[in-house]
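# Report on the structure
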Amino acid sequence: MNPKRAFAMATSFAAALLGLSPAIAQPADAMALASGTWMNPHGTVAVKAGPCQERLCGWVSWASPTATADARDAGVSTLIGTELLQEYKLTGNGKWTGRVYVPDRGETYYSTIQQLDPNRLKISGCILHGWLCKSQVWRRVGA
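Residues numbered from 1 in each chain as written. Predicted model: local features only at pLDDT ≥ 70, side-chain atom pairs only at ≥ 80, totals over all residues. Heavy atoms only, no water.

### Remarks on the overall build of the protein chain
For clarity, the cut-off: Comment: elements are numbered from the N terminus, with helices defined as DSSP H or I runs of at least four residues and strands as E runs of at least two. The buried label goes to any residue with under 20% of its type's maximum accessible area, the exposed label to any with over 50%, and the partly exposed label to all in between, with areas taken from a 1.4 Å probe on protein chains only. Whether two residues are in contact is decided by their heavy atoms, any of which lying within 4.5 Å being enough. Here the Shrake-Rupley method, with its probe set to 1.4 Å, supplies the accessible areas, and only the displayed protein chains count as covering residues.
When you go through the protein chain residue by residue, the secondary structure sums to 3 helices and 8 strands. From first element to last, N terminus to C terminus, the protein chain shows the α and β order α-α-β-β-β-α-β-β-β-β-β. For the protein chain, the proportion of its 143 residues judged to be buried stands at 30%. Across the protein chain, every contact between residues at least 6 apart in sequence was considered, and the portion connecting residues at least 24 apart equals 32%. When the accessible surface of the protein chain is summed, it comes to about 9100 Å², and 58% of that surface belongs to carbon and sulfur atoms.

Right, dumping it as structure tokens:
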């Protein structure tokens, strides 16, 4: 077979496959999926996430006494209502970039969120703009 014809056939086949692939979530769909109340893996902090302008943000809606004391020791007098997830921009299918505030450290870090499924978010806080990261999987509270 002629190499040009083989390339054209392969390209057509790939295009057909792409046409059959699932659609990438639109921004409104992604926002709806990421919105809700999320609990950290330790069960010590719950965050209510939702839209803020065209971005995703999240505020502490519940905190255990231990988390509250740790935040107070770092200079955060009132943990409930503190914005932890700050100005996340949708960058891909279920992927966001923004900043995460860590109250017990009193610092804000570059961050990514990846929606693993409707009930789990992988939230990463990073230094060096993503070179060194620590991740946690947060679970949706109440469906």
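Now that the structure has been shown, we can carry on.
### Here's the deal with the layout of surface pockets
A probe as big as a water molecule, rolled over the atoms, marks out the empty space that is left. Stated precisely, the cut-off is as follows: Using only the protein atoms, space was sampled on a 1 Å grid; points where a 1.4 Å probe fits but cannot get out form cavities, open sets with protein on both sides within 12 Å along at least five of seven lines form pockets, and lining residues are those with an atom within 4 Å of a point. Grid points are joined across faces, edges and corners, and a volume is the space filled by probe spheres set on the points.
Its boundaries defined by the atoms lining it, the largest pocket holds a volume of some 770 Å³. Surrounding the largest pocket, 29 residues form its lining, Val102, Asp104, Arg105, Lys134 and Gln136 being those nearest its centre. Secondary-structure elements contributing two or more residues to the lining of the largest pocket are α3 (65–73), β4 (83–92), β5 (95–102), β7 (120–127) and β8 (132–140). Here the element with the most residues in the lining of the largest pocket is β8; it accounts for 6 residues.

### Describing unusual backbone geometry
In this structure, Gln53 is a non-glycine residue whose phi angle is positive, near 65°. Classification of Gln53 as exposed rests on a relative accessible area of 74%. In this model, Glu87 sits at a positive phi of 50°, which is unusual for a non-glycine residue. Relative to the assigned elements, Glu87 resides in strand β4.

### Considering the state of the cysteines
Defined as follows: Whenever a pair of cysteine sulfur atoms sits within 2.5 Å, that pair is classed as a disulfide.
Overall, the coordinates contain 2 disulfides when judged by the stated rule. The disulfide bridge from Cys52 ends at Cys57, spanning 1.7 Å between sulfur atoms. Every disulfide takes its handedness from the sign of the S-S torsion; for Cys52 and Cys57 that torsion is 50°, giving right-handed. Assigned by exposure class, Cys52 and Cys57 land together as buried. For Cys126, the disulfide goes to Cys133, at an S-S distance of 2.1 Å. One quick way to see it: the torsion about the S-S bond of Cys126 and Cys133 is about 105°, and its sign makes the bridge right-handed.

### Overview of the pattern of salt bridges
We apply this condition: Within this document, salt bridges are pairs made up of a side-chain nitrogen of Lys or Arg and a carboxyl oxygen of Asp or Glu, the two lying within 4 Å of each other.
Taken as a whole and judged by the stated rule, the model has 2 salt bridges. Two residues, Arg120 and Asp117, come together in a salt bridge whose shortest N-O distance is 2.7 Å. By relative accessible area, Asp117 is classed as partly exposed at 27%.

### Side note on the environment of Val141
Along the chain, the position of Val141 falls in the segment after β8. Take Val141: its relative accessible area is 36%, and that puts it in the partly exposed class. Considered as a pair, Val141 and Asn40 are 101 residues apart in the sequence and their alpha carbons are 9.9 Å apart. Look past the residues within four positions of Val141 in its chain and what remains in contact with it is Thr37, Trp38 and Met39.

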